[in-house]
Structures are given as structure tokens and as C-alpha cells.
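Working through the structure, step by step
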Amino acid sequence: MADGAPIKIELKGVTKIFGPTPAKVLPMVEAGASKDEVLEQTGHTVGLRDVSLQIAQGQTFVVMGLSGSGKSTLIRHLNRLIDPTAGQVLVDGEDIMGLGERALTDFRRARMAMVFQRFGLFPHRTVIENVSFGLDLRASGRAAREESRAKAREWVATVGLDGYEDSYPHALSGGMQQRVGLARALAMDTDILLMDEAFSALDPLIRRDMQDQLIDLQGRLKKTIVFITHDLDEALRLGDRIAILKDGEIVQVGTGEEILTAPATDYVADFVEDVNRGRVLTAGRVKLDCAVVTSSEAPAEALTRAGNGELQITYVVDANGKLLGAVTGSRMRRAIAENADNIAGLVEPVQTATADMVLEDVLPLTLRGDLPVAVIDADGKVQGMLSRESIIAALAETTGPEKPVQ
């Protein structure tokens, strides 16, 4: 997996058929019958078809698709609210289909927490009672329950609901109720967080605020999050990796950039057609090659290594490879004519961007000067460059699935 993170969750060939005799219908599904054909001929519904995927530890994995695509069916397999007709569901390498009733209950309480679309709060319980509910089920004795309440108060404060501990859900806005649901899930301190359309019932501004909070919390907590949504913008904003479902089948899995720049099918291409590419594409993805020289080099040597000034600029680095600025070909030629010893005095400051910055944030930097923006890594070393024209070209580019050569 990416960055060497171990696999936390794995689905292997998971198929789910809803109906009275799914096992009898399974061969028909495995033979390739469409969802509509199965429904028409057998009265059964194909929820998932041969779904295999891997989710890394600490990853935010988004499953998205239109209504009826199977995304909610998929997430309910992860805590066995639904059992598959065929296939395996593994958590930390263990097939959870082998868990008995008691072991499954313990698994759900200790390993996974879930945030629901409609908040799922108990109307007769206060905020603090809702948040501590799962903890109270684990607690034994008065001291343990007091500890549960203390932990619940910490999470209430974390999600910004200080002062509302004794309020009831009916007195809270939708966004505040969802914060309670999120706090309740986080208070369980499980490795895995399942979020089924958790923000879809919220108004756009509140939804954006909840996304921001989730991004901030995930940056600190590093949970393994499986997030279900029908909203592509939300998927691209939250997901480290995204799986797109159609009629119960996975049609593509990848990063937001991969899906946006190389859609696997026409269906995916149509999905991403109207996406604001500037909010997804990063500087590292579309950067251009550039010339780099050291500040101690003589102008003639630097000019030769920079391709005789054919490029608009050449970036200048110190002995450790850290960016100092840039120099133009014309300035190097002038320095040669003046017999300068090195190019250190020719360096001009340049705007910089890190490889993970989205183009929407990089583009304004190109307006602050005439020189292209240098793309650098965490150590200040040059990785490439971006000009205003190259960013605009990347934003304007349209992509589609690769077609076979005729």
C-alpha cells in the first residue's frame, strides 16, 4: 500500500444478492448476468458484485456512487450489519465472517464506530449522555462511568460544543447534531471510523464546516476512515483514495488526481466532467521540468548547463541543494561579458509552492511576479516549475478513458 502502511481492511470478491434464495442466484451473477437481468428473471437484487479492495491503516477511503450503486451496502459489510452472499471481509487480516455472536459484539464495540446520515441520536438523552453512551456500555462501576463522562466531555469540546453538554438533540441545529454523532463515534477510540453519508443531510455551508473539522481531526488522529458519499466534490476533498461504484461493481479506484486525469470509463469521465480541476490537481502532478545550477558556478558554466538560456529561467541552489532563487539567461550572458566569478549576485527571488498544493492556490502566486513558481519539497529542494500558462493549460485540459489502438 501507499507509504508502506499496512492493510487495515480488505474485501475479497464480495458479492451480495438480496432475495429469498441468493445462493441459487449466485451462479447467474457470477456468469455475468446484469443487475436488471437478475431482477427480471429471479426477483433478486444484486447489491454488490465481486467487490475487491484494500484500505490502508490511517487512510481516508471514500466510496462514492449514485443512489442504488451499492455504497451503503458495502459499508455495512465492514461491521457485519450485512453478511455477503459470497466473499471475505478481513480486518487486520482476520476474516470477520468467522466471528460468533459475542465476538462480533465485542468487535463492533472495540474496533469500529459508525456515524450515520441522520445523526442517530437518542432524543431523550442529553448531548453528554449521547456522547458517552458507547463508553457507558463498556464501563463497569461508578468510577468507570465517571471516567466515561470525563472522556465524553473532552470530545464534546473537541467538536466545538462546549456549553451544550446538557442540551437535548431537539434544541440543536442539524450541524450541531452531527457534531454530537461524530463526538460519540470518536469517543469510542476505535481504530476504524465508518461514515455513511454522514454530511449529506446538512446545508452546504455547514457541510463544508464539518468536512473541515473531519480533515483537521484526521490530521491529528490518523484513524482508518471509510466515508460514503454521492457527492464527488466531497469525495475529492476528503479521500486519500476513492472507489467509484456503479450497479454494485467497482469501476475505478484511485486518488482524486488519478480519477480526474485518467478516468477508467466513460461513466467516470462523465462523473468528473464538471469538477473544478483547480481544487484537485496539485503542483506536483502538473509541474514542468526545469534547469538547476549552483550559486558557486561561473556564469559560462551555468549557462551551458542550463541549455544556453533557452529556458525562461534557471533555478539557483546552494551547496546543499536548497533553493536560493532564479537567474535568467540574459543576466548570465551579461555576467559573462563582465567576467563575473560566479552567479551568486545574479539571483532573483521567486515564488515557491509545495508539491501538494492545489493549482487553485498556486495560480495567485504566478501573478506576484514575472518568473515561474518553483515547486519545492519539504527540504526546499527544487522539484520543477509552474508558469501561469502551464497552470491554465492543465486546468483547461479534458480527459477521457484510454481507447484501444485500432
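Refer to the structure printed above.
Reading guide: rules and limits
- Residues numbered from 1 in each chain as written.
- Predicted model: local features only at pLDDT ≥ 70, side-chain atom pairs only at ≥ 80, totals over all residues.
- Heavy atoms only, no water.
- Axes fitted to C-alpha atoms, helices over the stretch in contact; angles between N-to-C directions.
- Helix = DSSP H or I, 4+ residues; strand = E, 2+ residues; numbered from the N terminus.
- Parallel < 35°, antiparallel > 145°, perpendicular 65-115°, else oblique.
- Left-handed = near helix turned anticlockwise from the far one by under 90°.
- Contact = heavy atoms within 4.5 Å.
- Nonpolar A, V, L, I, M, F, W, Y, C, P; charged D, E, K, R; others polar.
- Buried < 20%, exposed > 50% of the residue type's maximum accessible area, 1.4 Å probe, protein only.
- Pairing = 2+ DSSP bridges.
- Core = buried A, V, L, I, M, F, W, Y, C linked by side-chain atoms within 4.5 Å.
- Salt bridge = Lys/Arg side-chain N within 4 Å of Asp/Glu carboxyl O.
- Phe/Tyr/Trp six-rings, centres within 6.5 Å; stacked < 30°, edge-to-face > 60°.
- Lys NZ or Arg CZ within 6 Å of the ring centre and 35° of its normal.

**With respect to the packing of helix α16 (residues 359–366) against helix α17 (residues 388–396)**
Running from N to C, α16 and α17 point in directions that differ by 150 degrees, and their axes come no closer than 9 Å. The pairing of α16 with α17 is recorded here as roughly antiparallel in orientation. The way α16 lies across α17 gives a crossing that is left-handed. Contacts from L359, V362, L363 and T366 of α16 reach α17 at R388, I391, A394 and L395. The residue inventory of the contact of α16 with α17, partitioned by class, reads six nonpolar, one polar and one charged.

**A closer look at the pairing of strand β13 (residues 323–328)**
A large share of β13 lies buried, amounting to five of its six residues. As paired elements, strand β12 (residues 313–317) and β13 share five bridges and run antiparallel to each other. When the sheet's bridge partners are listed, I313 is paired in β13 with T328. Between the end of β12 and the start of β13, which pair antiparallel, lie five residues, with G321 showing a positive phi angle near 85 degrees.

**Things to note about the sheet that holds β12**
With mixed pairing, the three strands of this open sheet are ordered in space as β11-β12-β13. Both outer strands of the open sheet, β11 (292–294) and β13, are each paired with one neighbouring strand and no more. Here the strands of the sheet are splayed against their neighbours by 35 degrees on average, with no regard to which way each runs. Note that β11 and β12 share three bridges and pair parallel. By the bridge assignment for β12, V293 is matched with V316. Here helix α15 (residues 329–337) sits on the sheet in contact with β12 and β13, set at roughly 80 degrees to β13.

**With respect to the nonpolar core**
By size, the foremost hydrophobic cluster in this structure holds 58 residues, and its most contacted members are L193, M195 and F227. Per-element accounting of this core gives the leading share, seven residues, to helix α8 (residues 174–187). Filtering out sequence-adjacent residues up to four positions away, L193 remains in contact with A113, V115, L182, A185, L186, T224, I225 and V226. Formed by 26 residues, the second largest nonpolar core is a distinct cluster that contains L48, L99, I192 and L245.

**Section: the pattern of salt bridges**
Under the criterion given, the structure shown has 16 salt bridges. Between E360 and R279 there is a salt bridge whose closest N-O contact spans 3.5 Å. One end of the pair, E360, is in helix α16; the other, R279, is in the loop between α12 (266–272) and α13 (283–286), with 81 residues separating them in the sequence. Residues joined by salt bridges that share partners form a network here, namely K8, D92, R111 and D191.

**Focus: the side chain of Q59**
Residue placement: Q59 occurs in the loop between β2 (45–56) and β3 (60–64). When near neighbours in sequence (up to four residues on either side) are disregarded, Q59 contacts Q54, Q218, K223, T224, I225, D240 and R241.

**Some words on the sheet that holds strand β16 (residues 382–386)**
Taking strand neighbours across the sheet as the criterion, the three strands line up as β14-β15-β16 in an open arrangement whose pairing is mixed. Of all strands in the sheet, those bounded by a partner on one side alone are β14 (352–354) and β16. Between one strand axis and the next, the sheet turns by 35 degrees as a mean value, whatever way the strands run. Judged from the three bridges that link them, β14 and strand β15 (residues 373–376) form a sheet pairing that is parallel. The partner of A353 across the bridge, within β15, is V375.

**A closer look at unusual backbone geometry**
If you check the backbone angles, D189 has positive phi at about 55 degrees while not being a glycine. Mapped onto the fold, D189 is located in the loop between α8 and β7 (192–196). Unlike most non-glycine residues, E197 shows phi in positive territory, near 50 degrees. Relative to the assigned elements, E197 resides in the loop between β7 and α9 (204–221). Using a relative accessible area of 9% as the deciding quantity, one classes E197 as buried.

**Some words on the packing of aromatic side chains**
Aromatic rings in a pair are described by how distant their centres are and how their planes are angled relative to each other. Evaluation of the coordinates by the stated rule reveals three aromatic pairs. Taken together, a centroid distance of 4.6 Å and an interplanar angle of 55 degrees make the contact between F122 and F133 tilted. Of this pair, F122 sits in the loop between β6 (112–115) and α5 (127–131) while F133 sits in helix α6 (residues 133–138), placing them 11 residues apart in sequence. For F133, a relative accessible area of 24% corresponds to the partly exposed category. Above the face of the F18 ring, K16 is positioned so that its terminal group lies 5.3 Å from the ring centre. Over the face of the ring belonging to Y267 we find K246, whose NZ or CZ atom lies 5.4 Å from the ring centre.

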